[in-house]
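Residues per chain are reported as follows:
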Amino acid sequence: MSGKWKHEMKMKNNGKTNNSTKLKGWIFRVGLITSGCVIVLLLGGMFLSLLGEAFPAIKHNGFNFVTSTVWNPRSESYGAFSFIVGTILTSFIALVLSVPFALAISILLCEYLPEYQNGKIIGVFLRNATDLLAGVPSVIYGFWGLFFISPIVRYFEELLDLPAYGVSILAASIVLAIMILPYSASIGREVIAMVPEELKEAAYALGTTKYETIRRVTLRHSASGIVAGVILALGRAIGETMAVTMLIGNSNILPVNIFRLIFSPGNTMASVIANEFAEATGKLYLSSLIEIGVVLFVLSFVLNVIGKQVIRRFAL
Amino acid sequence: MKLHTFREVVVRKGIGNKWRVVRDRCFKYLLFILSFLGISPLVLIIGYIVVKGLSSMSLRFLFSLPVPVGEKGGGIANAIVGTGILVFVASFFSVPLGVLGGIYLNEYGGYSNRKRWLTYCTRLSVEMLQGIPSIVIGIVVWMWVVLGMGHFSALAGGIALGIMMLPTVVKSTEETLRLVPPSIREGALALGVPYYRVVLRVLIPASKSGILTGILLGIARIAGETAPLLFTAFGNPYFSTDITEPINSLPLLIFNYATSPYEEWHRIAWGASLVLIGFVFLLSLSARFFVSRGTIKKLSVNKSGNSKV
């Protein structure tokens, strides 16, 4: 450091360099503020340009966009109802499937195998495994699901005497559930770790068992945080593209029967964009696909804001 | 928490009730069973990919180009190089902006600042960017870059991945900078070091390993992304290093080959999956390595209760 010190002394003794120091400091501040502005403008610009491109479709489609099930570029009718249903259905089933497991992992890691007991090999394994599960690329989940999950689903479809596609809303939901599991588990861990130790100790002092403490103190206290975690996981699930595109079968027509619906191929908002965007011809067609993108953008934005706000309030 | 719930437990069910102990045990076992069931897909996926991928792995596979359907052999050299180029372009855009943004949030994000609304907006934007579906980012970059250039390009793919990587870099930079003890900053300022020099020469070096970790994690996040590349980088069956031309990447190749009906292509996709998953895991492992041996840990242990300036 001694060289720097001398440099610093020189700057003190020399009035001219002092001026350039001021200038450099100013440039530095401006650079920082500019970078903040660029990030804000990036998000704002993304939304505005999406909205701008989608405007012709919004004008043309009107309310048909959310109510009509007919998606036919040739007749210029763009109804996204079946995609919206597909998105809601896949995310909902995925949530129902993954929440019990995610909750179990987060309770286990926080209450039974906490971090300071690092000697416990099971805890270390579970912690690292959830992190690794979060790192697997979504296209690999899709590829694996194609060869592992969809034959299983096909087998059940044959058992139930349904048309055996294999690729279906159910298959996509199962893979989606596996994908959002590490995400919801990490939020659950964060939230459960925030429960004050005193509350739990008070419960133990009253003679409750660990199970009773967890059920009546820990979970009750962190309920809002867990709900927020579920909302954030939902936000992630609706935007998930690749694995769902590979497993959902990409059919624009949905059967009316609810039971058949789960076992039949469908489409989500994200998967229809992934499938049709690169081949879309015609301004209105593209614009309608972008309109779906706007819906996805707004949905995930809203879910994120709600989830983060609830967690922030919980943390205070 | 209501008190009567406890009275209920104690009075109605009885303190000495042995079922309470049994229920407690059962709950614990249930937790263990559910957790391991939840984790089991990871074992299945990794096992599946290692077994299937190793059979197609060879030096020729890594260093040769894809061949048309029907021919034996063929490799993924162009996809590996393409992924490298895309990651490089993405880092080129997102690392400077992300690190600056992280410094900005840490330095100007305090509550007693007049420009609070801007830092608030920046923080919100970063959080929202993290949540935007990757396919939507693909659409936006398609409008901004692909329409502007007139054709798909590696540049567009890199920008899309850069946008996805940005929040990770910003957040990790901000968080590690916050961990630097105020005494270090105060010491430098007390010596008369100008403010920008304190940041550049004291704070940044102190949190170097944390920032590097964030960059590595960001790369790990984008290396496996496919959706934003579908209509930006597009894919390319030939070897290309030109960033103004379409380029192939590992996830794109896996997607295209996995959804094809050819057995031979599935084999290549399994091999590519093994390479990709190995790359991603290596990145996150090295990120963890940097965290565990970095300066940050030592600093945060020494953290004294000094109040912030």
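Treat the numbers as computed from the prediction; the structure is a model and nothing was measured.

The next thing to look at is the overall build of chain A. Summing up its helical and strand segments, chain A has 14 helices and two strands in all. In terms of overall size, chain A is more extended than a compact globule, its C-alpha atoms giving a radius of gyration of 26 Å where 316 residues would be expected to give roughly 20 Å. Oriented by its inertia axes, the alpha-carbon framework of chain A measures out at about 85 × 65 × 35 Å. By residue count, 47% of the 316 residues in chain A fall in the buried class.

Another aspect to go through is the overall build of chain B. The helix and strand tally for chain B stands at 13 helices and zero strands. Mapped from its N terminus to its C terminus, chain B presents α and β elements in the order α-α-α-α-α-α-α-α-α-α-α-α-α. Per-residue burial over chain B gives 47% buried out of 309 residues. Long-range contacts, defined as pairs at least 24 residues apart, comprise 75% of the intrachain contacts of chain B with a sequence gap of at least 6.

Counting residues at the interface gives 75 residues for chain B and 75 residues for chain A. Breaking the side of chain B that touches chain A down by element, the ones donating at least two residues are helix H1 (3-12), helix H2 (18-56), helix H4 (77-108), helix H5 (116-131), helix H6 (134-149), helix H9 (195-206), helix H11 (250-258) and helix H12 (263-293) of chain B. Top contributing element to the side of chain B that touches chain A by residue count: H2 of chain B, with 19 residues. Split into classes, the residues belonging to the side of chain B that touches chain A amount to 54 nonpolar, 15 polar and six charged.

The description of two helices packed together rests on the angle between their axes and the distance between the axes. Packing of helix H5 (residues 121-135) of chain A against H2 of chain B leaves a shortest axis separation of 9 Å and a crossing angle of 45°. For the element pair H5 of chain A / H2 of chain B, the angle class is oblique. Crossing angle aside, the handedness with which H5 of chain A passes H2 of chain B is left-handed. Residues Leu126, Ala129, Thr130, Leu132 and Leu133 of chain A of H5 of chain A touch H2 of chain B, and the partners they reach there are Ser35, Ile39 and Leu42 of chain B.

Right, let's talk about unusual backbone geometry for a bit. Residue and element names in this part refer to chain A. The phi torsion at Asp161 lies on the positive side, around 65°, for a residue other than glycine. Exposure remark for Asp161: the 7 C-beta atoms within 10 Å place this residue in the exposed category. Positioned with a positive phi, Asn250 is a non-glycine residue whose angle comes to about 50°. Checked against the element boundaries, Asn250 lands in the loop between helix H11 (242-247) and helix H12 (258-263). You can call Asn250 partly exposed: it has 19 C-beta atoms within 10 Å.

Moving on, we get to the nonpolar core. Within the largest apolar cluster, 174 residues are counted, with the highest numbers of intra-cluster contacts made by Val175 of chain A together with Ile254 of chain B. Excluding residues within four positions of it along the chain, Val175 of chain A makes contact with Tyr141, Gly142, Gly145, Ile149, Ala243 and Leu247 of chain A.

With 15 residues, H5 of chain A should reach 21 Å at 1.5 Å per residue; the first-to-last C-alpha distance of 21 Å fits that figure. Burial in H5 of chain A covers these residues: Leu126, Ala129, Thr130, Leu133 and Gly135 of chain A.

This part takes up the environment of Thr90 of chain A. Residue and element names in this part refer to chain A. Of note, Thr90 is situated in helix H4 (residues 81-112). Expressed as a C-alpha distance, the spacing of Thr90 and Thr268, which sit 178 residues apart in the sequence, is 8.0 Å. With residues up to four places along the chain from it excluded, the contact list for Thr90 reads Ile169, Ala172, Ser173, Leu176, Val244 and Thr268.

Residue and element names in this part refer to chain A. Closest axis-to-axis distance for the helix H10 (residues 223-239)/helix H14 (residues 283-315) pair is 8 Å, and the angle between their directions is 160°. One element, H10, and the other, H14, form an angle in the roughly antiparallel class. Crossing geometry of H10 relative to H14 is assigned as left-handed. Of the residues in H14, those in contact with Ser224, Gly225, Val227, Ala228, Ile231, Leu232, Leu234, Gly235, Ile238 and Gly239 of H10 are Leu296, Leu299, Ser300, Leu303, Asn304, Ile306, Gly307, Val310, Ile311 and Phe314.

Next up on the list: the environment of Gly210 of chain B. With respect to the helices, strands and loops of the structure, Gly210 of chain B is situated in helix H10 (residues 208-223). When the 26 C-beta atoms within 10 Å are taken as the criterion, Gly210 of chain B is described as buried.

Let's shift gears to the domain arrangement of chain A. All names here are of chain A. We note that the domain assignment places domain 1 (2-61) and domain 2 (64-315) within chain A. On a C-alpha basis, the centres of domain 1 and domain 2 stand 37 Å from each other. At the junction of the two partners, domain 1 supplies ten residues and domain 2 supplies twelve residues. Taken together, the residues of the side of domain 1 that touches domain 2 sort by class into seven nonpolar, two polar and one charged.

This part is about the environment of Phe279 of chain B. Residues and elements named next belong to chain B. Structurally, Phe279 is set in helix H12. For Phe279, a count of 19 C-beta atoms within 10 Å translates into the label partly exposed. When the C-alpha positions of Phe279 and Ala220 are compared, they lie 8.0 Å apart, and in sequence the two are 59 residues distant.

What follows concerns the confidence of the model for chain B. All names here are of chain B. Overall, the predicted model of chain B reaches an average pLDDT of 84, with 87% of residues at or above 70. Here residues 295-309 is a poorly scored stretch, pLDDT under 50, and it has 21 contacts once near neighbours within four places are set aside; other chains count. Among the prediction metrics, the complex's ipTM stands at 0.88, with pTM recorded as 0.88.

What counts as what
Residues numbered from 1 in each chain as written. Chains lettered and ligands numbered in written order. Predicted model: local features only at pLDDT ≥ 70, side-chain atom pairs only at ≥ 80, totals over all residues. Helix = DSSP H or I, 4+ residues; strand = E, 2+ residues; numbered from the N terminus. Rg over C-alpha atoms; globule rule 2.2 N^0.38 Å. Buried ≥ 20, exposed ≤ 12 C-beta atoms within 10 Å, placed from the backbone. Contact = placed C-beta atoms within 7 Å. Nonpolar A, V, L, I, M, F, W, Y, C, P; charged D, E, K, R; others polar. Axes fitted to C-alpha atoms, helices over the stretch in contact; angles between N-to-C directions. Parallel < 35°, antiparallel > 145°, perpendicular 65-115°, else oblique. Left-handed = near helix turned anticlockwise from the far one by under 90°. Core = buried A, V, L, I, M, F, W, Y, C linked by C-beta atoms within 7 Å. Expected span 1.5 Å × (residues − 1). Domains from an automatic or database assignment. pLDDT = per-residue confidence, 0-100.

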